[in-house]
Amino acid sequence: MKSTLLAAFAATTLSAAPVAVSPSLIESPQTGGLELKSLSSISFGPNGLLLVAEPGTASVVAIQTGDVGPEKKVLEKPVADIGSVIAGGLGAKKEDITIKDLAANPASGRVYLAVQRRPDNAVLIVTVDAAGKVAPFDTAKLPWARITLPGGTASKVTNITDVAFDGKRVFATGTCNEEFASRIFTIPVPLKHGSTANVFSAETYHVAHRKWETKAPIQSFIPYTDGDETYVVGAFACTPVAKFKVDDLQSGAQVKGVSMVELGSGNRPLDLFSYTDKSGKDWLVVHTQRFKQNAFGPSKMWGARISMDYLDAADTNEKAARRDEKAPKGPDGIEIVDSLFGAVQADKIDNTQAIVLKDNEGTLSLEVAALP
Amino acid sequence: MLTVGALTSAGFKEVKVGVQMAEKSLLLLSPEKIDAETIQVFAKDGQQPLFGEVQKLLDAHPGFIPAVPFVRGQKYRVEFRFANSSRSKAKVEVTFDAQRAAMPTVRLSPATSQIPANTLKLYLDFSEPMEQGDFLSRVTLQRSNGLEVTGAFRETELWSPDGRRLTLMLHPGRQKTSVNLNVDEGPVLIAGVRYNLVVSGQWRSTNGTPLGKEGVFALEPIAADHEQPDPEKWRLQVPRAGTRNPLVVTTDELFEPQIFARAVQVAGNPGKAQAKVVDLKRVEWRFTPEDPWKAGRHEITIDPELEDLAGNNLLKPMEVDLTAEAPKARPNVLIFHVSRP
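Residues numbered from 1 in each chain as written. Chains lettered and ligands numbered in written order. Predicted model: local features only at pLDDT ≥ 70, side-chain atom pairs only at ≥ 80, totals over all residues.

## Concerning the overall build of chain B
In step 1: A count of helical and extended segments in chain B gives three helices and 23 strands.
In step 2: In terms of overall dimensions, chain B is more spread out than a globule: its C-alpha atoms have a radius of gyration of 29 Å, far above the 20 Å expected for 341 residues.
In step 3: Oriented by its inertia axes, the alpha-carbon framework of chain B measures out at about 90 × 55 × 35 Å.
In step 4: Expressed as a percentage of the 341 residues in chain B, the buried residues total 36%. (Helix = DSSP H or I, 4+ residues; strand = E, 2+ residues; numbered from the N terminus. Rg over C-alpha atoms; globule rule 2.2 N^0.38 Å. Buried ≥ 20, exposed ≤ 12 C-beta atoms within 10 Å, placed from the backbone.)

## Quick word on the overall build of chain A
In step 1: When helices and strands are counted, chain A shows two helices and 28 strands.
In step 2: The buried share of chain A, taken over its 372 residues, is 53%.
In step 3: Considering only contacts within chain A whose residues lie at least 6 apart along the sequence, 57% involve residues at least 24 apart. (Contact = placed C-beta atoms within 7 Å.)

## A look at unusual backbone geometry
In step 1: In this model, Gly69 of chain A is joined to Pro70 of chain A through a cis peptide bond whose omega is 5°.
In step 2: Structurally, Pro70 of chain A can be placed in the loop between β5 (59–64) and α2 (82–89).
In step 3: Residue Pro110 of chain B is bonded to the preceding Ser109 of chain B through a cis peptide linkage, with omega at -5°.
In step 4: Note that Pro110 of chain B resides in the loop between β9 (106–109) and β10 (121–126).
In step 5: Positioned with a positive phi, Asp279 of chain B is a non-glycine residue whose angle comes to about 55°.
In step 6: Mapped onto the fold, Asp279 of chain B is located in the loop between β19 (271–278) and β20 (282–289).
In step 7: In this structure, Leu280 of chain B takes a positive phi of about 65° despite not being glycine.
In step 8: One can find Leu280 of chain B in the loop between β19 and β20.

## Side note on the interface of chain B and chain A
In step 1: Facing the 54 residues of chain B at the interface are 43 residues of chain A.
In step 2: Among the elements of the structure, β4 (36–43), β5 (52–57), β12 (158–159), α1 (172–175), α2 (180–185) and β22 (319–321) of chain B are those that each provide at least two residues to the side of chain B that touches chain A.
In step 3: With four residues, the top contributor of residues to the side of chain B that touches chain A is β4 of chain B.
In step 4: Broken down by class, the residue content of the side of chain B that touches chain A amounts to 19 nonpolar, 22 polar and 13 charged. (Nonpolar A, V, L, I, M, F, W, Y, C, P; charged D, E, K, R; others polar.)

## Looking at the sheet that holds β10 of chain B
Residue and element names in this part refer to chain B.
In step 1: Taken in spatial order, the four strands make up an open sheet running β9-β10-β13-β12, and their pairing is antiparallel. Each of the sheet's edge strands pairs with one partner strand only, and the pair in question is β9 and β12.
In step 2: For β12 and strand β13 (residues 165–169), the ladder comprises two bridges, and the chain directions are antiparallel. Its bridge partner being in β13, Trp159 is matched across the sheet by Leu166. (Pairing = 2+ DSSP bridges.)

## Let's talk about the domain arrangement of chain B
Residue and element names in this part refer to chain B.
In step 1: For chain B, the domain assignment lists domain 1 (2–95), domain 2 (106–219) and domain 3 (231–338).
In step 2: At the junction of the two partners, domain 2 supplies 15 residues and domain 3 supplies eleven residues.
In step 3: Its residues placed into classes, the side of domain 2 that touches domain 3 shows six nonpolar, seven polar and two charged. (Domains from an automatic or database assignment.)

## Some remarks on the environment of Asp120 of chain A
In step 1: Looking at the element boundaries, Asp120 of chain A is found in the loop between β7 (111–117) and β8 (123–128).
In step 2: Expressed as a C-alpha distance, the spacing of Asp120 of chain A and Gly167 of chain A, which sit 47 residues apart in the sequence, is 36 Å.

## What to know about the pairing of strand β2 (residues 11–22) of chain B
Residues and elements named next belong to chain B.
In step 1: Pairing of β2 with strand β3 (residues 25–29) involves five bridges; the strand directions are antiparallel. From the neighbouring strand, Gln20 faces β3, where its bridge partner is Leu27.
In step 2: Here β2 folds back onto β3 in antiparallel fashion, the turn holding two residues.

## Let's talk about the confidence of the model for chain A
In step 1: When pLDDT is averaged across chain A, the result is 84; 88% of the residues are at 70 or more.
In step 2: Low pLDDT, under 50, characterises residues 1–18 of chain A; the predicted model gives this stretch 28 contacts beyond four residues in sequence or across chains. (pLDDT = per-residue confidence, 0-100.)

## Considerations on the sheet that holds strand β2 (residues 30–31) of chain A
Residues and elements named next belong to chain A.
In step 1: The strand order across the open sheet built from five strands is β2-β10-β5-β4-β3, with neighbouring strands paired in antiparallel fashion. For this open sheet the edge positions go to β2 and β3 (42–44), each flanked by a neighbour on one side alone.
In step 2: Note that strand β4 (residues 49–54) and β5 share six bridges and pair antiparallel. Bridging across to β5, Leu50 finds its partner in Ile63.

Here it is as structure tokens:
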């Protein structure tokens, strides 16, 4: 078979030619030489801007991928046993890789997966195109910038749980190893290599039995704008969905979240995204792992959509809407999304579909899931 | 070294080819100038080629750059064919040099069995950076009869930047009073019950060397701690002026010593601090100044966010009883006087 690796790479990687940088997103970028030391979360901004959380250096890395379409092509058919394909490409056994996160590039439809290999913890981002072809993401000629979070590696933040762009600034959330607390970071745009971020201490209180108030760490979030006000809407380890108002905050401030919805005990929220359905109604999708015995549905991995109306609800904290984890439905405006059963990772492609990594008894497949 | 057919400047001939590997490259070496048409590298029994690029490397030798470094000690199969060769692919098996890697060891911090029953965080300190991404299959909490406490840990991996310290978070939903899981399933730890924290001997360092034997750490939880740390209850042993003898602070409760040492300082006095667990349930912090002590008033400052094992800090307890009086912050400055000899 005469198909050289070089030819294969030219067809599948994204760095064949230097990429023009949108000056509005990265200022004075570095070109080439990017080595990612670690990976936790990845997400896309506009125009193919990839944001990578690099917890080992307490940094967010922004990469101008140049993957901007113009045509948007969505995965045509599921990629079966994608874990084996990726593991083979890394020279590892299937059980020795972890897919840390997944992100769909809204500009091209291409899917990016953040992968870590054991035992050496080497990391790689791989891409999956519409035909299901898996290829390493080659950053050799791409413009990039690394923004280190305040305190750097001496910071108490040892995991960056999520990263996102709201059109005006980049947000990241971190968990501390020394304190039972979360931090929210904001990085102004244009992103500037070597710059740092503003930091807020984020406390979300979980009120139990209307008597005990206690803290919970942030797991996943989306930026959310309501009129002129900007919020971070986060999902927390003990399942509240809470919002933090982040306008007008000075760096170093403490911000207290307001719980809007409770998803029920024994669930660990993994991913959040929002979308607008065909009728024009806005939804927040919370993709969740149930770590207790399964109470409903075919899998412990499940997702619910929550009406965005709840983000403006008058009843908050201990009065917040609460889902009964044993019930398949309700309350009003909180619905199970059937297509997310079995998903270990999920991200929105557009308002009608999401990309999901499904786990079927240890075998991973990449699939498109319809949004209701 | 193997012999393959190749088109050289002297025409088609048999040439000797060797394989040289480094972490981030593989070279095909030959006394002749050769052009590789394909080079594919597989894990020894792998069906799929490694991600990477074929490039001309050092002195125009054909080479392969893997997308992630080769792993020391692992066997690889290299398949290649030279330009204009009529032969089928040549195959050769190579082992990337195994590094003599130190065997990792593990310790529990704080080094004690007597932790409060509502402890939120424990720390595993390894002598080497360890593999990540699968810690829940490597650590179990067992009752002394060997039965596992299921769902004991929060599924969030928090590693120090050097990959040697793992923060082990006991499941907050179960450890916090009246939170949903605490009500449904009860706390992870019960005072007076004996447990073992068991670290699998299969856990590998990043060099691929396993711990080799299980790490077993006995835990005998004592009563839950819902109180804010109170520095005014700590005991001070103050040195004399003119000496560099250590200032010794002994706490009345347990903290993680490394975190304690970072959170406590003598204002305006550089020096070295060390902390360790004493009497199973206290921390002794010894501070040796760079310069001899000056007579007079000194201050110890404490980060108000310093948490004890149960997450109570100087500002407020981990759990606030909303029906009781609001908690008051504890003082985070301790004053001491150094007297003349």
